[in-house]
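Summary of the model geometry
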Amino acid sequence: MNDDAKRDWERAIERNCAALRRIAAMLFAMLGLGGGVPETVPRRARRRLLRFLRPAESAARRLILAAARGIAVPPPRVAPPPAPSPVELLRARGLLVSHGPVFLGLARRWVPETPAPEEPEPGSGRVPAFRLADPHRRFDFWARPGRARLAFAELPPDEALAREIEEVPARALCNRVMALKAALEDLPAQAKRLARLRARREAARAVGRERCKVPSLYRFPLRYGPPPGWRRRPRDGTGEVDRVLAECHRLALAAMRPDTS
């Protein structure tokens, strides 16, 4: 990449980052995080916030991927793969022959429960880490856009209004907004973080380790198809965030192509 192209690349990143900072500040103000952390928000307000938050998060992830282009990090130290077990050694020497896996019936269906990581309490001073990879695509019926609106349309008017103004927990929403705002305030640090995660994944693959603490999706942080929160047509004043998402998606796709200059 020559100097002119590099300057254009940096200007495009800074321009979209400034636009996303404005959107994050708007979400911050809509939640009232400047004067304290709300415990609940009306369902209607939460739905309106998510219309801006989902595409803003997707645009921020793509902007971080574009900013991480060309960042070189030192190769991490990766432990070698574990030594083969005695059973594997016997199989490798031909002293143990197994004609198929042992079927344990329903005993194989039991999976030990792993506790979910605790989210920091809003207002505790701890800001959760921003997610650098797109979430997996959901294929269930109720995850598709518009299904919740169809369900509300089938309710009686009084019950639908009561559901709209019902207070719902705001903890996860506040954490996502704070993580987005913190990531945009220090975009180079997030780009280096992504570069380190991808380097750790590549180093683990180089030594033949199938299992790695870094998920495989960090090799390709963008999921196939339209980005999360993408809309064909803007609605309810979401034109700016949709425009930023479209431009950041183009930047991310360009960043994933090999540099032939």
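The rules behind the values
- Residues numbered from 1 in each chain as written.
- Predicted model: local features only at pLDDT ≥ 70, side-chain atom pairs only at ≥ 80, totals over all residues.
- Heavy atoms only, no water.
- Core = buried A, V, L, I, M, F, W, Y, C linked by side-chain atoms within 4.5 Å.
- Buried < 20%, exposed > 50% of the residue type's maximum accessible area, 1.4 Å probe, protein only.
- Helix = DSSP H or I, 4+ residues; strand = E, 2+ residues; numbered from the N terminus.
- Contact = heavy atoms within 4.5 Å.
- Salt bridge = Lys/Arg side-chain N within 4 Å of Asp/Glu carboxyl O.

Formed by 49 residues in total, the largest nonpolar core has its most connected members in L20, L27, L31, L63, F130 and L180. Elements with a contribution of two residues or more to this core: helix 1 (3-31), helix 2 (43-67), helix 6 (171-185), helix 7 (187-206) and helix 8 (239-256). If you tally residues by element for this core, the top one is helix 2, at 11 residues. If we skip the residues at most four places from it in the chain, L27 touches L49, F52, L53, V177 and L180.

What follows deals with the side chain of R51. Note that R51 resides in helix 2. With residues up to four places along the chain from it excluded, the contact list for R51 reads R231, R235, D236 and T238.

This brings us to the environment of M178. With respect to the helices and strands, the residue M178 is situated in helix 6. M178 sits in the buried class, given a relative accessible area of 14%. On a C-alpha basis, the gap between M178 and A129 in space is 9.3 Å, while along the polypeptide they are 49 residues apart.

On to the pattern of salt bridges, then. Any two side chains of opposite charge can pair, given that their charged atoms come close. Scanning all chains against the criterion turns up 12 salt bridges. E166 is the partner of R43 in a salt bridge, and the nearest nitrogen-oxygen pair spans 2.8 Å. With R43 in helix 2 and E166 in the loop between helix 5 (157-164) and strand 2 (167-169), this residue pair connects regions lying 123 residues apart in the sequence. Under the relative-accessibility criterion, R43 is labelled partly exposed at 21%. Each member of the salt-bridge network shares a partner with another, and the members are R15, R243 and E247.

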